[in-house]
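If you want the building blocks of each chain, they are given just below.
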Amino acid sequence: MKIKFFPIAVFMLLIMNKSQAQIDYNNVPEVTQKIFINDANIQKNPSTNLGIGDILIEDGLIKQVGVQLTPPIDAKIIEADSAYAYAAFIDAMSHIGIPKSDEKRKRPDVKFKGFPPNKVAGITPQLKASSFIEHDDASIKSLRESGFAIAHVVPRGKMLPGQGSVISLSGSSSQDMIIKDNYSMFLQFTGASGVYPNTIIGVMAKWKDLYYKAHYHNKNLQSYKINSSGIKRPKEDKVLNALIPVTEKSMPVFMKTNKAKDIFRAIALQESTGYPLVLGDVKQIGGAENKLKEKNLTVLLSVGLPKAEKEEKKDSTITDESKKALMKRKKESYTAYLSQAAQLEKAGIPFAFSFLSSKPKDLKTNIQKLIKHGLSTEASLAALTTNPAKILGIDKIAGTIDKGKLANIILTDNPYFEKKSRIKYVFVEGQMTEIKEVKKKKKGGARGKGKENLIGKWTYSVDVFGTQQTGNLTISEDGDDLKIEFIADSNPDEISEGRDITYEDGNLTYVVTVDGGGQEMDIEISLDFEGDQFTGTASMEGMESLPMEGNKISSPEK
Amino acid sequence: MLKITKIALSILFSTCLFGQSETGDVLIKNGTLLTITQGDKENTDILIRNGKIARIQKDIQPTNDIKVIDATGMFVMPGIIDAHSHIGIDAVNEATNPVTAEVWVGDALDPYDINIYRALAGGVTISHAMHGSANAIGGQCETIKHRWGVEDPEQMRMKDAPKTIKFALGENPIRVHGEGSRIVPNTRMGMEQVFRNAFEDGKKYAAEWDQYSKGLSKMAPEYNIRKETLAGILSGEIMIHCHSYRADEILMLMNVLEDYGVNKICFQHVNEGFKVAPELAKFGAYASVFSDWWAYKFEVYYSTAYNAAILSKNGVVTSINSDSRELIRHLFHEAAKTQKYGNLSDNDALKLITFNPAIQLGIDDRVGSLEKNKEGDVAIFKNHPLSIYAIPQYTIVDGIIRFDINNDNADMRIDIDPEEIIPSFFESSTHNHDNCMEGVSEFLFEHKH
Amino acid sequence: MKLLTINFILCFAFFSISNAQQITKATTGIFLLKNGKVYTHDNGVIKADVLLQDGEIKEVAEMIEHPGAKKFDCKGMTIYPGMIDSGTKIGLGEVGAVSLTQDHNEIGEFTPHMEALTAVNPNSVNIPVNRVNGITTALTVPSGGRFPGTAALINLNGYTPEEMYANFKGVVFNFPSSGKRGRWDRRSDEKIKKDEEKARKKINDFWEKAKLYAKIHSSAKRSDLDYNPQLHALMPAVNKTAPLLIEVNKKSDILSAIKWVNKNDIKAIFTGVSEGYLVTDSLVKYNIPIITGPILNNPSRASDHYNTAYSNAGKMQKAGLIVAIRTNETENVRNLPYNAGFAAAYGMGTEEAFKAVTINPAKIFGISDKYGSIERGKVANIFVADGDPFETKTKIKFLFINGYNVPLESRHTYLYDEFLER
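Residues numbered from 1 in each chain as written. Chains lettered and ligands numbered in written order. Predicted model: local features only at pLDDT ≥ 70, side-chain atom pairs only at ≥ 80, totals over all residues. Heavy atoms only, no water.

1. Quick notes on the overall build of chain B
So, point 1. Scanning chain B from N- to C-terminus turns up 11 helices and 17 strands.
So, point 2. Relative to a compact globule of 449 residues, whose C-alpha radius of gyration would be 22 Å, chain B shows 23 Å and is just as compact.
So, point 3. Restricting the contact set of chain B to residue pairs at least 6 apart, pairs at least 24 apart contribute 71%.
So, point 4. Total accessible area on chain B stands at roughly 15000 Å², and carbon and sulfur atoms take up 49% of it.
So, point 5. A distance of 5 Å separates the average location of the 44 positive side-chain charges in chain B from that of its 61 negative side-chain charges. (Helix = DSSP H or I, 4+ residues; strand = E, 2+ residues; numbered from the N terminus. Rg over C-alpha atoms; globule rule 2.2 N^0.38 Å. Contact = heavy atoms within 4.5 Å. Areas by Shrake-Rupley, 256 points an atom, 1.4 Å probe, with all protein chains shown as cover. Lys, Arg positive; Asp, Glu negative; His and termini not counted. Charge placed at Lys NZ, Arg CZ, Asp CG, Glu CD.)

2. Observations regarding the overall build of chain A
So, point 1. Per the secondary structure count, chain A includes 13 helices and 25 strands.
So, point 2. Across chain A, the fraction of contacts at a sequence separation of at least 24, relative to all contacts at a separation of at least 6, is 62%.
So, point 3. A total of about 27200 Å² of accessible surface is found on chain A, and carbon and sulfur atoms cover 49% of it.

3. Re the nonpolar core
So, point 1. One finds Trp 207 of chain A together with Phe 270 and Leu 283 of chain C to be the most contacted residues of the largest nonpolar core, which totals 279 residues.
So, point 2. Discounting chain neighbours no more than four positions away, the residues touching Phe 270 of chain C are Ile 246, Val 248, Ile 254, Ala 257, Ile 258, Val 261, Leu 283, Ile 288, Pro 289, Ile 290 and Ile 291 of chain C. (Core = buried A, V, L, I, M, F, W, Y, C linked by side-chain atoms within 4.5 Å. Buried < 20%, exposed > 50% of the residue type's maximum accessible area, 1.4 Å probe, protein only.)

4. What about the interface of chain B and chain C?
So, point 1. Tallying the contact residues gives 66 residues for chain B and 64 residues for chain C.
So, point 2. Counting the surface lost from both chain B and chain C, the interface buries some 5900 Å², and carbon and sulfur atoms represent 53% of this.
So, point 3. Counting the contacts that link chain B with chain C gives 2 salt bridges.
So, point 4. Lys 393 of chain C serves as the salt-bridge partner of Asp 346 of chain B, at 2.9 Å between the closest nitrogen and oxygen.
So, point 5. For the pair chain B and chain C, the interface holds 40 residue pairs in polar contact (both at pLDDT 80 or more).
So, point 6. Sorting the residues of the side of chain B that touches chain C by element identifies helix H2 (114-120), helix H7 (277-283), helix H8 (307-313), helix H9 (331-340) and strand S16 (391-397) of chain B as the ones contributing at least two each.
So, point 7. The greatest single-element share of the side of chain B that touches chain C, amounting to 6 residues, is contributed by H9 of chain B.
So, point 8. Among the residues making up the side of chain B that touches chain C, the classes are represented as 34 nonpolar, 15 polar and 17 charged. (Buried area = accessible area lost by both parts, 1.4 Å probe. Salt bridge = Lys/Arg side-chain N within 4 Å of Asp/Glu carboxyl O. Polar contact = N/O pair within 3.5 Å; in protein donor to acceptor, adjacent residues only side chain to side chain. Nonpolar A, V, L, I, M, F, W, Y, C, P; charged D, E, K, R; others polar.)

5. Details of the confidence of the model for chain B
Residues and elements named next belong to chain B.
So, point 1. When pLDDT is averaged along chain B, the result is 92, and 92% of the positions lie at 70 or above.
So, point 2. Contacts of residues 1-18 to residues separated by more than four positions or lying in other chains number 10 contacts, the stretch itself having pLDDT below 50.
So, point 3. Below a pLDDT of 50 lies the segment residues 445-449, which in the model reaches 12 contacts outside its immediate sequence neighbourhood of four places, other chains included. (pLDDT = per-residue confidence, 0-100.)

6. What about the packing of helix H4 (residues 188-213) of chain B against helix H5 (residues 225-234) of chain B?
All names here are of chain B.
So, point 1. It is at 8 Å that the axes of H4 and H5 come closest, and there the two elements cross at 95°. Comparing their axes, H5 and H4 come out roughly perpendicular. Of the residues in H5, those touching H4 at Ala 198, Phe 199, Asp 201, Gly 202, Lys 203, Tyr 205 and Ala 206 are Lys 227, Glu 228, Leu 230, Ala 231, Ile 233 and Leu 234.
So, point 2. In terms of residue class, the contact of H4 with H5 is made up of 8 nonpolar, 1 polar and 4 charged. (Axes fitted to C-alpha atoms, helices over the stretch in contact; angles between N-to-C directions. Parallel < 35°, antiparallel > 145°, perpendicular 65-115°, else oblique.)

7. With respect to the packing of aromatic side chains
So, point 1. Counted under the stated rule, the structure contains 61 aromatic pairs over all chains.
So, point 2. Here Phe 147 of chain C and Trp 207 of chain C contribute two aromatic rings whose centre-to-centre distance is 6.4 Å and whose plane-to-plane angle is 20°, an arrangement assigned as stacked. Here Phe 147 of chain C is found in the loop between strand S9 (135-140) and strand S10 (149-155), whereas its partner Trp 207 of chain C is found in helix H5 (residues 189-217), with 60 residues between them in sequence. No difference in accessibility class separates Phe 147 of chain C from Trp 207 of chain C, as the two residues are buried.
So, point 3. Taken together, the ring pairs connect Trp 207, Tyr 211, Tyr 212, Tyr 216 and Tyr 275 of chain A together with Tyr 205, Trp 209, Tyr 212 and Tyr 223 of chain B into an aromatic cluster. (Phe/Tyr/Trp six-rings, centres within 6.5 Å; stacked < 30°, edge-to-face > 60°.)

8. Observations regarding the confidence of the model for chain A
One rule of thumb: low pLDDT means the predicted coordinates there are not for detailed reading.
Residues and elements named next belong to chain A.
So, point 1. Here chain A averages 86 in pLDDT, while 87% of its residues score no lower than 70.
So, point 2. This model gives residues 311-316 a pLDDT under 50, and the stretch forms 12 contacts once residues within four places in sequence are excluded.
So, point 3. Between residues 441-448, whose pLDDT stays under 50, and residues either more than four places distant or in other chains, the model counts 11 contacts.

9. Quick word on the packing of helix H5 (residues 200-226) of chain A against helix H6 (residues 238-247) of chain A
Residue and element names in this part refer to chain A.
So, point 1. Look at H5 against H6: their axes get within 8 Å of each other, and the N-to-C directions meet at 90°. Compared by their axis directions, H5 and H6 come out roughly perpendicular. For the pair H5 and H6, the contacting residues are Trp 207, Leu 210, Tyr 211, Lys 213, Ala 214, His 215, His 217, Asn 218 and Leu 221 in the first and Val 239, Leu 240, Asn 241, Leu 243, Ile 244, Val 246 and Thr 247 in the second.
So, point 2. Considered class by class, the residues forming the contact of H5 with H6 number 10 nonpolar, 5 polar and 1 charged.

10. Side note on the side chain of Asn 155 of chain C
Residue and element names in this part refer to chain C.
So, point 1. With respect to the helices, strands and loops of the structure, Asn 155 is situated in strand S10.
So, point 2. There is a polar contact of 2.9 Å between the side chain of Asn 155 and the side chain of Thr 137.
So, point 3. Among residues more than four places away in sequence, those in contact with Asn 155 are Thr 136, Thr 137, Met 164, Tyr 165, Ala 166, Tyr 371, Asn 381, Ile 401 and Asn 402.

11. Regarding the sheet that holds strand S7 (residues 78-81) of chain C
Residues and elements named next belong to chain C.
So, point 1. The 6 strands lie next to each other as S3-S2-S7-S16-S17-S18, forming an open sheet whose pairing is mixed. This sheet does not close on itself; its edge strands, each paired only once, are strand S3 (45-47) and strand S18 (404-405).
So, point 2. Judged from the 4 bridges that link them, S7 and strand S16 (residues 382-385) form a sheet pairing that is antiparallel. From the neighbouring strand, Ile 79 faces S16, where its bridge partner is Val 384. (Pairing = 2+ DSSP bridges.)

12. A short note on the sheet that holds strand S8 (residues 137-140) of chain B
Residues and elements named next belong to chain B.
So, point 1. The strand order across the open sheet built from 6 strands is S8-S10-S11-S12-S13-S14, with neighbouring strands paired in mixed fashion. If you trace the sheet from one side to the other, it starts and ends with S8 and strand S14 (318-320), each paired once. Going across the sheet, the axis of each strand differs from the next one's by a mean of 25°, ignoring polarity.
So, point 2. In this structure, strand S13 (residues 286-289) lies alongside S14, joined through 3 bridges in parallel fashion.

13. Overview of the pattern of salt bridges
Residue and element names in this part refer to chain B.
So, point 1. If you walk through the whole model with that rule in mind, you get 56 salt bridges over all chains.
So, point 2. For Arg 329, the salt bridge is made with Glu 326, and the minimal N-O distance between the two is 2.8 Å. Considered together, Arg 329 and Glu 326 belong to a single accessibility category, that of buried residues.
So, point 3. One network of salt bridges, with partners in common, ties together Lys 145, Arg 147, Arg 366, Glu 375, Asp 377 and Asp 398.

14. Focus on a negative patch on the surface
So, point 1. Together, Asp 478, Asp 481 and Glu 497 of chain A together with Glu 190 of chain C make up a region of like negative charge exposed at the surface.
So, point 2. Within the fold, Asp 478 of chain A resides in strand S18 (residues 467-478).
So, point 3. Take Asp 478 of chain A: its relative accessible area is 36%, and that puts it in the partly exposed class. (Patch = residues over 30% accessible without salt bridge, like charges linked within 9 Å, V, L, I, M, F, W, Y side chains within 5 Å.)

15. Some details on the environment of Thr 335 of chain A
All names here are of chain A.
So, point 1. Within the secondary structure, Thr 335 is located in helix H9 (residues 320-347).
So, point 2. Residue Thr 335 is classed as partly exposed on the basis of its relative accessible area, which comes to 33%.
So, point 3. Considering only alpha carbons, one finds Thr 335 and His 373, 38 residues apart in sequence, at a separation of 7.8 Å.

16. Overview of helix H14 (residues 411-419) of chain C
Helical geometry: 3.6 residues make up each α-helical turn, so side chains three or four residues apart lie on a common side.
So, point 1. For H14 of chain C, a buried count of 8 out of 9 residues is recorded, marking the element as mostly surrounded by other parts of the structure.
So, point 2. Arg 411, His 412, Thr 413, Tyr 414, Leu 415, Tyr 416, Glu 418 and Phe 419 of chain C are the residues of H14 of chain C that are buried.

17. Concerning the pairing of strand S13 (residues 268-272) of chain C
Residues and elements named next belong to chain C.
So, point 1. By the criterion of burial, S13 is predominantly enclosed, with 5 of the 5 residues buried.
So, point 2. As judged from the 5 bridges shared by strand S12 (residues 244-248) and S13, these two strands associate in the parallel manner. In the sheet register, Leu 244 faces S13, and the bridge partner there is Ala 268.
So, point 3. Regarding the hand of the β-α-β motif, the stretch spanning S12, helix H8 (residues 251-263) and S13 is right-handed.
So, point 4. Of the strand pairs in this sheet, S13 and strand S14 (residues 290-292) are connected by 3 bridges, and their pairing is parallel. The partner of Gly 272 across the bridge, within S14, is Thr 292.
So, point 5. The handedness of the S13 to S14 crossover, carried by helix H9 (residues 280-285), is right-handed. (Right-handed = clockwise from strand over helix to strand, strands pointing away.)

Now the structure itself:
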């Protein structure tokens, strides 16, 4: 993979120029660009621990790493107090910073469904992820606070949404953030709705068509350059031009391949042409492991894991014996999914993590599960740092704590992969973010963020563009899980139930399906509980979030 | 001796890893062999070595290491071949355009489809996984071997089987494109022009590239995978399998093909084939039919269950297919119906699901009968396969036992959902006769009149 | 004969679909079936002649002589009672995809008053095509809503629905299902459960109303009662004078249906019953008659044994249930013997499977005094065959329905005759 990245110095200069351009007395600027981290337990890279040492950051770069360094007089000193320092993490593929499209999902009005405009067909390889990124999108902050400094962002869309950009998770504009623009081509087996290519077979055929079209287009462009006299001028074509680097094998293709089947298909598609291929958002490797090894391919594992084993549904449909057998098979399958990462490690297949369809905040708990199933912490750290750095071609500037690299560092109070660890600081190119400790509440404690506090009946009201919709919410315990039922005052006969429920530190999220005029719609609800009150949002794809609040009416009798 | 075999085996297996699919050895003893091409042989053994039929004779002595099946009292026939099915694939119809020659169901094979195992449990070793019938020129198909257990889709393919493509006439493409999207074809007249137009495209495209490859033009013509495929049909590289019902449309397509010099075609369903059996025979066209489906739509209202018999007796190479994940499980029974409807002999009836579909798929030199050097695809039955009491006992693909009634765990899934314990219960609907139209409902009836 | 056929075909092609019963006329009279063997359910095959007269089996005995009778030489053949398909749409649908020819699915969820018999087309091309395989009688069943209508048992010969009617009707009830409707059904388990509960509540309301209606109807207040066709149609079921045909398949649904039937004190016949083999104990305990099929069907779950549908009927029968078999077909009711044949091969045995398409449905429908076996006084529904009726090779030689000698002809045989040698 060819590496084309911005000269770092120019990049930094841009940032500083900007911060000096405007007088802003609402903020007080940093006094110095030098930071000295004192007495940290430094994990230079996945296999090397330096012990207690110091790190000097200057102009966003690591200036010095060593034992018992002397802090310069003009540096701000951070007392690490033996906190653990790691290279900040690198997200190998996600949609971080790109808001979900507001376009309503409606059937495009295309006369000839077999020949839709490229945009409708989901074929926009000329677009760059960086042009969609909103630097203040909440997802960027959330990823950074999870310990990440760099992300490889690919656009949202269907078959060929565009090119991936490698960005730094700091900066005051999306331009500032770009480390590598048009770094990768993002390809998915996702058909367009109602038009060609609609199915996976349509998408795969279309890809082959585009690939060879671009190949010959490029050939024609080249020969036209050499001799253009008496030859029909080849027409410019944005889509084909964008694909030329892929046909020249200088731009890697990142694919979304959730299942083993997708992996096999992606490989079969690539086999005859041989462009660099990265298999992304992999949830199931299954029988594809040998093939991965044989082809020496890179894998990005999805951080999302199957849901933990729950007691089987209350469906008495099968005789006990066969039910037992079915449960056993399910359990084996669950274990196999969780053991995949360990198996990749054993097989020597390099992998990193991607976040296309999972949340950064699940990262640690899920990696712990993988570690429980045999993955080493060294490989886990490599998958978060050195491997993605290599995959993204930025291993010269990121992925380890070494002199000259970007000052992308995290400090944790305990070794990161331990359950009780907490990230205290994240440095992204020297910019420091201190992560405030969310105080763990005692269960049913005074602050009211324990799970027990939720149990009971609540009123709610949603502000639907000015009108208040009200109703009741009943939260109860269902084994280890929560059960949420709610009834809208406008339709007291219908009880809706929440699913995909998560609860953490006072934040409750769930999804509810409602009937929106004959069409089922999923509403994602996120509520922050504080004592007997909550506030939050209800959001739906393609609509802005609606504010929501509520009060407790009653608790269950004790 | 044993050592040598072991080494041979390990060499064999090492080649398996790289592209070749796994093969096996098995000796089937004392069965009644229904060879299809060389008569029935009682009390005869059949030895499969390295996935190929090595010997057929009485009293073959087993070597130490070989798996032996005692088929005493059983019937041993070639693995059943289904010339029309949609199992083992994840997409059937790219229904967005009347011509989608470039799409290929072989791109989306699904080795986890439980219907493959269920077909094996009905003695079927090979099926022709086809694109659907939404388009006049649909996608390319794939001939798959039922190697249940493999996970790499590449291992499902019957390597080097000729390429085939699905065409469709009549109501389905008209419903989707004419009625659904208000574009040509809306009639059987329009259908003809869609083919002529596409073939012209393919012809022109081939000529342009020919010029280029001879260095007569400097610039490469615009690459177009669709036209490339159409050119492949005209050159005879890709064989047409055409969904068809009515006699007139069958004649139409043969006329068009004659004009473009295409001389090979297998008509699928071809419910009114019996009306033009002499014309089909003269053209050399094949017919792959249902045993008794009719009246599920208007174009099959004037049908007869005697279709296969009439076609066969008129010299048309005929097969009986399933087009259904239900019927594929008992094609032996579907073939038996030709004895009810048309008095076919046992051998002629069995030919409809073995040798004839092999001819239609261009694989008759490799499978479709029990002959020396053919591939070791075998189905073993308790009771004669044409009896209603026939029960498949073993199904063998390339010498490997892929179905064994005594070694069947009920739950034979490979890909287990890590979250779901009890797989969903599906209410059975009455027979779905439009498997060919899978995935197209959203394209129908957008414009009502 | 050939010329005649061509004429028929031409008529057919040029004029209309439904006006011509284009086969040779069935004739009635006194028929004597000589030299054959008679199939009995419990005494095996016996040597006997059979005399048919006035639409009935007049006599079954050795060496019958009747001077006025038309004789049918059945030498080497066996005389069987006509087969009964316990669930079809025959007569209610002509061309599957042409909706205007489909008369089995009325609009509305609660339409028990829709009478299948009303819409049976005696001249449907389907009827001859199917009966020539020895199926003389079929239950024709409306489909669609929760209570789609009243099914009717018909003989597959006659000029009017009344002539065809075989003395059984039953209201159909599609029990709320907690299964998925098809592969496209993307509802979550919770949603399915909710839908099912909602449906259950609705039917309970409906049933309560029906009970009240029936109560008032049988009381002195009858004259005050506003006629309600929906509730009226349920009266026989509510009063237990007729059974309710309850379509139910999934195990948990079957158990719920049993509870519902007991709670409401209903005479029920369960139809479908694909997972009946898992709950035979409960079904036996409440002695519920079963109509199951199609036997030639895929398993309902991905994890099921491949032969689940083949073996279900046999398992239920062996557990002690009375089981009848249906095809659930419209134009291919002729595959009834093959459905029964597969059940026979996969555990039920030929004799029991044959009962499941003859005497068992007759018993379930309460008409075994007239149907289901070859006995004196029963309706003359008979076919004569040269072998095991389940075997595909077997040929039907003579067919009698309702005392008529029915020609073994249909569109399918005519097309064969015309086009074999063109």
